[in-house]
Amino acid sequence: ERFCDVRWYGPKEDMIYYPQKKTLAVKPQNIQRRPTFLYRGLWPPFAFGIVQTLWDNPSQREMNLFWARHKVGGEKYACNHSFYGFYDRFLKTHPEFFAKGYEGQPPQMCYSNPSFIAQVVQDARDYFDGKGARPGAFAAGDYFALVPMDNNLWCKCEECQNQLDPERRNAFFSNGYASDYWFNFVNKVAGEIAKSHPHKFIATLAYWEYAYHPKRVKLLPNISVQMCLHIRNFWAPAMRDNDLNLYKEWIAKEKGRRFYLWLYYCFPEEIAMNGGFHCFPGFFAHTASKWYKMFAKDGIRGVFLNGLGEQVDTYVTLKLLDDPSIDVDKLLDEFFSRYYGSASEPMKKMYLLIEKIYGDPANYPEYVQKEKRHFHQTEEIAWGYLGTEERMRELGRLMEEAKRLAKTDVEKKRVSLFEKGIWQYMVEGREMYLRKKGIEEEKKALEPEREKIRAEAPPRISIPSIPSCGGDLDNVNWDNAVVLDKWYTVEGYPTERKLEAKLVKDNEYLYIRLQEKLPTNRLKNSEDIWTGDDWEIFLSEQRDAPYYQIGIAPDGRFASYYYEGIRQGMKEWKSEATVKSEILPDRWIVSIALPL
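Keep in mind the model is a prediction, meaning the values are calculated, not measured.

### Thoughts on the pairing of strand 9 (residues 259-264)
Within strand 9, six of the six residues are buried, which leaves the element mostly enclosed by the surrounding structure. Burial along strand 9 is two-sided: the residues Phe259, Leu261 and Leu263 and Tyr260, Trp262 and Tyr264 are all buried. As a crossover connection, the stretch from strand 8 (residues 223-229) through helix 7 (residues 237-253) into strand 9 is right-handed. When strand 9 meets strand 10 (residues 302-306), the two strands line up parallel, connected through five bridges. When the bridges of strand 10 are listed, Leu261 appears paired with Val303.

Structure follows, in structure tokens:
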């Protein structure tokens, strides 16, 4: 990279840039330096979502090599939620370790309990003595992590509750409601570790309700603090200010402390994936450059990326982690000219336009610009405010220009991957949004029918009998079957999907035939059936537990369960069903013979 001008712009071999010359001459130099941020971690280490398409579905080996080439790793360090292993270890034998005041499994530990604190101290000492970390714990190198469960359901015992500060609880995700409570516990453990292992560190997060600097607790020197910042949500002014204020208070009041950062690169895509919509991409190379320079100036020791940015943002970030003094505009110029070649100009314009739209608070709803609370991108923000018709038209023009200008096969492939991973994703996102808007209008007109259905009793049907087939699906005559063709969503609206069920029976079996008309090349199988495409049938004598359930995948695999209720949970059901799955070009048909 330094002497031969090679660039790794993605994990695939055809994403490597190198100048083509007849002679390779390297003049040796002595270089002594280190990356600015000693720890450079990320999760997940594999590609998913948008970047998976941009990187052309790389293998894990290709990803591992890509991370190594970009110096991911560095100092041995780990910090994450560290007490989930305590349930298996101590819930039955030491219930006093756990949060009081909750039914069922306690959601947290009791961080004021002396016996629990003593056990944590012992676990840390065992780790530093070379005995390894317990299951569920996080530790690496000179660091043993203490981080509570990922919720804010604190212990309700009097001693714990007295340490909480309602005045520091606000509408932001990151606040100080539990800061004194949490860091008081961390201090107690760190104090004991300082006696036995004076050169080791207790690592913890400044996160959620313990994100603010504590008011009444003076932290011991052997505690490292990792602040959690929503760096890709800084388009929300109040949220940006809240994060930066807590960051600056920690830096100002804890001179010389080892600081790390946990940066949420998962947003906005994770929110969209969980919410069933497509996000407006969170390009932010210039924003990243600005804040990484500040992090370096303030002596931040390491950075953990929670999630990956898109291709350009991941590349730029990895370079900033090594050397945040780089000129991001020169880095972008080089990336686009070398990676996209003849199509570089429209591709760069497209990136910069998306970045400008995404990062400018003026493009967001007025409530985002004014209200002092936590925000994430919504489908309405994505396509009602950011990806407007006019902006999408301009971006589409640039996409077409890039496709026209790409000359070589590799340029065309790279442009095509961007079109598929970013542009088509955006187009589909806006189409989904507009379709939903239209459906919402249609729903208003359907309200009277919906209320009528809600008031009616469940429908009843009689299932016709046929001559005995002995469970052989190929011998079933469906001509006289009762047909179920009027389907509703769980909310009571007619389904857009073209669904049909047929039912017949003989003396031994109930026969069910399910059909959906759809492009079957889009069907997906999954190992567990439930997370892919599947038909699911529920059988019950009442509208409640207990009930039976069968799930059927496109490839014909099926699973059967019996659900008794909340306390008893799910059990395997030996249904003795026969299942047949037929995939035609325009429809998926599933037939079932179920012994009565």
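### Some words on the side chain of Arg7
Structurally, the position occupied by Arg7 is in strand 1 (residues 7-8). Classification of Arg7 as buried rests on a relative accessible area of 12%. There is a polar contact of 3.2 Å between the side chain of Arg7 and the side chain of Asp5. Of the polar contacts made by the side chain of Arg7, one reaches the side chain of Glu334; its length is 2.7 Å. Apart from residues no more than four positions distant in its own chain, Arg7 is found in contact with Glu1, Met15, Ile16, Tyr17, Tyr315, Glu334 and Arg338.

### Digging into unusual backbone geometry
With the exception of glycine, the majority of residues adopt a negative phi angle, and the majority of peptide bonds are in the trans configuration. A cis amide bond links Phe267 to the next residue, Pro268, at an omega of 10°. Tracing the sequence through the fold places Pro268 in the loop between strand 9 and helix 8 (269-275). Even without being glycine, Asn57 reaches a positive phi, approximately 50°. If you trace the backbone, Asn57 turns up in the loop between helix 1 (49-54) and helix 2 (60-69). When its relative accessible area of 48% is taken as the criterion, Asn57 is described as partly exposed. The phi dihedral of Trp208 is positive, around 50°, even though this residue is not glycine.

### A closer look at the environment of Glu371
Tracing the sequence through the fold places Glu371 in the loop between helix 13 (366-370) and helix 14 (379-386). A relative accessible area of 33% means that Glu371 is categorised as partly exposed. Along the sequence, Glu371 and Ala238 sit 133 residues apart, while their C-alpha atoms lie 7.0 Å from each other. A distance of 2.5 Å separates a polar atom in the side chain of Glu371 from a polar atom in the side chain of Arg373.

### Some thoughts on the sheet that holds strand 7 (residues 201-206)
Strand pairing in a sheet relies on backbone hydrogen bonds. The paired strands run either parallel or antiparallel. On the basis of which strands lie adjacent, the open sheet formed by eight strands has the order 4-3-10-9-8-7-6-5 and mixed pairing. Pairing within the sheet leaves two strands with one partner each, and these edge strands are strand 4 (73-74) and strand 5 (139-140). Of the strand pairs in this sheet, strand 5 and strand 6 (residues 143-145) are connected by two bridges, and their pairing is antiparallel. Across the sheet, residue Ala139 finds its bridge partner in strand 6, namely Phe144. Most of the contacts of helix 4 (residues 114-131) go to strand 6, to which it runs at about 150°, and overall it touches strand 5, strand 6 and strand 7.

### Brief notes about the state of the cysteines
Per the counting criterion, the structure on display carries zero disulfides. Cysteine Cys110 is unpaired, with the sulfur of Cys160 as its nearest cysteine sulfur at 3.7 Å. Free cysteine: Cys157, not disulfide-bonded; nearest cysteine sulfur from Cys160 at 3.5 Å.

### Things to note about empty space enclosed by the protein
In total, this model carries three cavities of 30 Å³ or more according to the counting rule given. Taken as a whole, the largest cavity holds about 80 Å³ of empty space. Lining of the largest cavity is provided by 13 residues; of these, Ser82, Phe86, Asp123, Ala137 and Phe144 occupy positions nearest its centre. Contributions of two or more residues to the lining of the largest cavity are made by helix 3 (86-90), helix 4 and strand 6. Here the lining of the largest cavity is composed, by residue class, of eight nonpolar, two polar and three charged. Looking at the second largest cavity, its volume works out to about 70 Å³. Taken together, Leu54, Phe283, Glu310, Gln311, Val312, Phe336, Tyr340, Met347, Tyr351, Phe418 and Ile422 make up the lining of the second largest cavity. A breakdown of the residues in the lining of the second largest cavity according to their chemical character gives nine nonpolar, one polar and one charged.

### Observations concerning the environment of Met426
For Met426, the location among the structural elements is in helix 16 (residues 409-455). On the basis of relative accessible area, Met426 is assigned to the buried category, the value being 0%. With residues near it in sequence (within four places) discarded, Met426 still touches Phe280, Pro281, Ile354, Trp383, Met392 and Leu395.

### Some thoughts on the packing of helix 9 (residues 285-297) against helix 12 (residues 344-359)
At their nearest, the axes of helix 9 and helix 12 sit 9 Å apart, and the two run at 65° to each other. Between helix 9 and helix 12, the angle falls in the class roughly perpendicular. Residues Ala285, His286 and Thr287 of helix 9 form the contact with helix 12, whose participating residues are Tyr351, Leu352 and Glu355. Taken together, the residues of the contact of helix 9 with helix 12 break down into three nonpolar, two polar and one charged.

### Overview of helix 12
Given a rise of 1.5 Å per residue, 16 residues ought to cover 22 Å, and the 22 Å separating the end C-alpha atoms of helix 12 matches this to within 8%. Those residues of helix 12 lying buried are Ser344, Pro346, Met347, Met350, Tyr351, Ile354, Glu355, Ile357 and Tyr358. Considering only its buried residues, helix 12 is in contact with helix 9, helix 10 (311-322), helix 11 (328-340), helix 14, helix 15 (389-405) and helix 16.

About the criteria used
Residues numbered from 1 in each chain as written. Predicted model: local features only at pLDDT ≥ 70, side-chain atom pairs only at ≥ 80, totals over all residues. Heavy atoms only, no water. Buried < 20%, exposed > 50% of the residue type's maximum accessible area, 1.4 Å probe, protein only. Helix = DSSP H or I, 4+ residues; strand = E, 2+ residues; numbered from the N terminus. Right-handed = clockwise from strand over helix to strand, strands pointing away. Pairing = 2+ DSSP bridges. Polar contact = N/O pair within 3.5 Å; in protein donor to acceptor, adjacent residues only side chain to side chain. Contact = heavy atoms within 4.5 Å. Axes fitted to C-alpha atoms, helices over the stretch in contact; angles between N-to-C directions. Disulfide = S-S within 2.5 Å. 1 Å grid on protein atoms, 1.4 Å probe; cavity = no way out; pocket = protein on both sides within 12 Å on 5 of 7 lines; lining within 4 Å. Points joined across faces, edges and corners; volume = space filled by probe spheres on them. Nonpolar A, V, L, I, M, F, W, Y, C, P; charged D, E, K, R; others polar. Parallel < 35°, antiparallel > 145°, perpendicular 65-115°, else oblique. Expected span 1.5 Å × (residues − 1).

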